[in-house]
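# Architecture and fold: a report
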Amino acid sequence: MLSQKVNDALYSVRTSRVKLFRKIHGKPLWAVQPMSLQIDTQSACSLRCKYCNPQACYVENVSQRILPMSTLDRLLEMLSEKKVFINYARPWMNGDPLLELRLKEINKKIKKALGARIDIFTNGVEYKNRHLLHDSNINDIRFTISAANEELYNTVHGRPKFSEALKTLEWVTRHKYFYQRLWINFILFDENAHNLADWQKMFQNYRQDVRCLHFGEGRNQSKQLTDFDVELKTRRDAFFRSIEQQEKPCPCFGNMAISSEGKMLQCCDVDYKFNWGHIEEIDVMEAYRKRLDAGLNHIACRNCNQKNPHWKELFEKYVWA
Ligand SMILES: C[S@@+](CC[C@H](N)C(=O)[O-])C[C@H]1O[C@@H](n2cnc3c(N)ncnc32)[C@H](O)[C@@H]1O
């Protein structure tokens, strides 16, 4: 436990650089440069999660794509040359990192070039590839398991792999480095809200992160929220309130998202067609500046319901002035 407290402290120190920047420069870091990095190094996923926004756009409907290492190298070179402070990196986005056999090599490159914290989110179902998670460069490992029993798991995650996920979790619990933090994530929506209390009990020995499905109810077959689902409604309301209170245009803006085609995206949550060009053909910081000029007026952001209602004021104050 003490070792994880050390990791918590290191996390705070790294994150406090973002706060320090705000104090010294009088503007948030996202208004100048990206703070985090998400890369789809490949486009394959082992599950078909019902709530998964990316799934329909990127995983099922595209042939499998692998990001060439040379593109990753170029990206890291540009960011490290310009000494861009990246708080954390997530070398996956829409697929699953347990299908990325180059994962350790990728983590090593990111750590060496940027020193960023590395977070891995996985469904954990590829037990045969579990060794990929035994990596000293990873800081946080998060298993997404949005159900506490096999039947619901099959419905929510689309494939009968509950026991595989638990097997991998159990292995990682035994083999993780002492400083690594292990989380279980639950994506809360109308179809699994009733199972939350059981889930909390089942994973009581882990750090838990319950995230509300933040897309419109009409999206991904999610039904209208009903009043009897008080837990779900309360959490959703709190989620939207927290977005509004943050000095951020939306939850995704400070993130630099790279598709498996090697393009810098407008946003990690929208279609790949909204991009700022191929990494090997652009200057990423120039592209980020163009993205700042466009703000959330960008066509990709038009129908997004994650926008902070005050986003325009934030851009006017910190970027467009
Ligand atoms: C897209 S997944 C990819 C990584 C990995 N396959 C996994 O399952 O964790 C990354 C994270 O995004 C979450 N996610 C997917 N669709 C979401 C949505 N519509 N709203 C909120 N979070 C979502 C997943 O549950 C997971 O925690």
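Residues numbered from 1 in each chain as written. Predicted model: local features only at pLDDT ≥ 70, side-chain atom pairs only at ≥ 80, totals over all residues.

### Section: the packing of helix 3 (residues 69-81) against helix 4 (residues 103-114)
Where helix 3 meets helix 4, the closest approach of the two axes is 9 Å, and the angle between their N-to-C directions is 15°. Considering the angle they form, helix 3 stands roughly parallel to helix 4. When the axes of helix 3 and helix 4 are compared, the crossing they make is right-handed. Listed contacts from helix 4 to Leu 72, Leu 76, Leu 79 and Ser 80 of helix 3 are Ile 106, Lys 109, Ile 110, Ala 113 and Leu 114. Among the residues forming the contact of helix 3 with helix 4, the class breakdown is 7 nonpolar, 1 polar and 1 charged. (Axes fitted to C-alpha atoms, helices over the stretch in contact; angles between N-to-C directions. Helix = DSSP H or I, 4+ residues; strand = E, 2+ residues; numbered from the N terminus. Parallel < 35°, antiparallel > 145°, perpendicular 65-115°, else oblique. Left-handed = near helix turned anticlockwise from the far one by under 90°. Contact = placed C-beta atoms within 7 Å. Nonpolar A, V, L, I, M, F, W, Y, C, P; charged D, E, K, R; others polar.)

### Topic: the pairing of strand 4 (residues 140-144)
As judged from the 4 bridges shared by strand 3 (residues 117-122) and strand 4, these two strands associate in the parallel manner. Note on strand 4: the bridge partner recorded for Asp 119 is Asp 140. In this structure, strand 4 lies alongside strand 5 (residues 181-188), joined through 5 bridges in parallel fashion. Each residue of the ladder has a partner; that of Phe 143, found in strand 5, is Ile 184. (Pairing = 2+ DSSP bridges.)

### A short note on the nonpolar core
Ranked by internal contacts, the top residues of the largest apolar core, which has 41 residues, are Ala 89, Ala 116 and Ile 258. Those elements giving two or more residues to this core turn out to be strand 1 (36-39), helix 3, strand 2 (88-90), helix 4, strand 3, strand 7 (255-258) and strand 8 (263-265). When near neighbours in sequence (up to four residues on either side) are disregarded, Ile 258 contacts Ile 39, Asp 40, Leu 75, Met 264, Leu 265 and Ile 279. With 22 residues, the next largest nonpolar core counts Cys 45, Val 125, Tyr 153 and Leu 213 among its residues. (Core = buried A, V, L, I, M, F, W, Y, C linked by C-beta atoms within 7 Å. Buried ≥ 20, exposed ≤ 12 C-beta atoms within 10 Å, placed from the backbone.)

### Quick notes on helix 4
The α-helix winds at 3.6 residues per turn, so residues separated by three or four positions along the chain end up facing the same way. In this model helix 4 runs 16 Å from its N-terminal to its C-terminal C-alpha over 12 residues, within 8% of the 16 Å that 1.5 Å per residue would give. Taken as a whole, helix 4 has its buried residues at Leu 103, Ile 106, Asn 107, Ile 110 and Leu 114. Axial view of helix 4: buried residues confined to an arc of 100°, hence all on one face. Away from its buried face by more than 90 degrees, helix 4 exposes Glu 105 and Lys 112. The elements touched by buried residues of helix 4 are helix 3, strand 2 and strand 3. One or two positions beyond helix 4, positive phi appears at Gly 115, with a value near 70°. (Expected span 1.5 Å × (residues − 1). Arc of directions from axis to C-beta.)

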